[in-house]
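Structural description and commentary
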Amino acid sequence: MLSFTIINRPSKSVMTLLKNRVHDKGIKDWLADGNIEAVGLIQGPLGSIIAAMDVAEKTADVEVAEINGTCPQHIVLIAVMGDTASVNASMEAVRQLS
């Protein structure tokens with residue numbers, strides 16, 4: 001089962017936390033330069049998260065990154081980032097998977 005949260009107009013501290021928890025240098029650079037309107041957070045089992053990433057990226061012009069943290073074993077958190085409409089479209093498409 002996947003869990004979903006959307007943050008509209010993320011604060012500076014939220015963006016700093018995300019930058020600190022992303023290991024992909026390209027995404028880190030994009031976060032530093034980008035004007036992110038919304039962040040969708042999806043948490044769930046690894047297999048479901050891989051499918052969710054695929055659907056999110058194919059649905060709209062968003063960047064998707066794994067957010068590293070202290071989740072329970074086999075649970076992964078990803079962030080779907082971009083403009084508000086694109087994040088909402090991607091999140092809705094992923095919701096339809098579950």
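The structure this text deals with has already been given above.
Scope of this entry: the structure provided in the associated data block. (Residues numbered from 1 in each chain as written. Predicted model: local features only at pLDDT ≥ 70, side-chain atom pairs only at ≥ 80, totals over all residues. Heavy atoms only, no water.)

1. Quick word on the pattern of salt bridges
Tallied over the entire structure, the rule returns three salt bridges. Of the charged contacts, one joins Arg95 and Glu92 as a salt bridge, the two residues approaching to 3.9 Å between their closest N and O atoms. Note that Arg95 and Glu92 are positioned in helix 4 (residues 84–95) at a spacing of three residues, about one turn of the helix. On the basis of relative accessible area, Glu92 is assigned to the partly exposed category, the value being 39%. (Salt bridge = Lys/Arg side-chain N within 4 Å of Asp/Glu carboxyl O. Helix = DSSP H or I, 4+ residues; strand = E, 2+ residues; numbered from the N terminus. Buried < 20%, exposed > 50% of the residue type's maximum accessible area, 1.4 Å probe, protein only.)

2. Some words on unusual backbone geometry
Backbone geometry follows two general trends: most residues other than glycine have a negative phi, and most peptide bonds adopt the trans configuration. Phi is positive for Arg9, which is not a glycine, with a value near 50 degrees. Residue position: Arg9 is located in the loop between strand 1 (3–8) and helix 1 (12–21).

3. A look at the packing of aromatic side chains
Applying the stated criterion across every chain, the model contains zero aromatic pairs. For Arg95, the ring lying beneath its charged end belongs to Phe4, and the centroid distance is 5.0 Å. (Phe/Tyr/Trp six-rings, centres within 6.5 Å; stacked < 30°, edge-to-face > 60°. Lys NZ or Arg CZ within 6 Å of the ring centre and 35° of its normal.)

4. Things to note about the environment of Val76
Along the chain, Val76 falls in strand 4 (residues 75–82). In this structure Val76 comes out as buried when scored by relative accessible area, which is 12%. Between the C-alpha atoms of Val76 and Arg9, which are 67 residues apart in sequence, the distance is 23 Å. Aside from chain neighbours lying at most four places away, what touches Val76 is Ile42, Gln43, Gly44, Leu46, Ile49 and Glu66. (Contact = heavy atoms within 4.5 Å.)

5. A look at the sheet that holds strand 4
The antiparallel open sheet is built from four strands, whose spatial order is 1-2-4-3. This sheet does not close on itself; its edge strands, each paired only once, are strand 1 and strand 3 (63–67). This sheet shows a mean twist of 20 degrees between the axes of neighbouring strands, independent of strand direction. Across five bridges, strand 3 lies against strand 4 in antiparallel orientation. Looking at the pairing, Glu63 lines up with Met81 of strand 4. Of the strands in this sheet, strand 2 (38–45), strand 3 and strand 4 are in contact with helix 3 (residues 46–59), which crosses strand 2 at around 150 degrees. (Pairing = 2+ DSSP bridges. Axes fitted to C-alpha atoms, helices over the stretch in contact; angles between N-to-C directions.)

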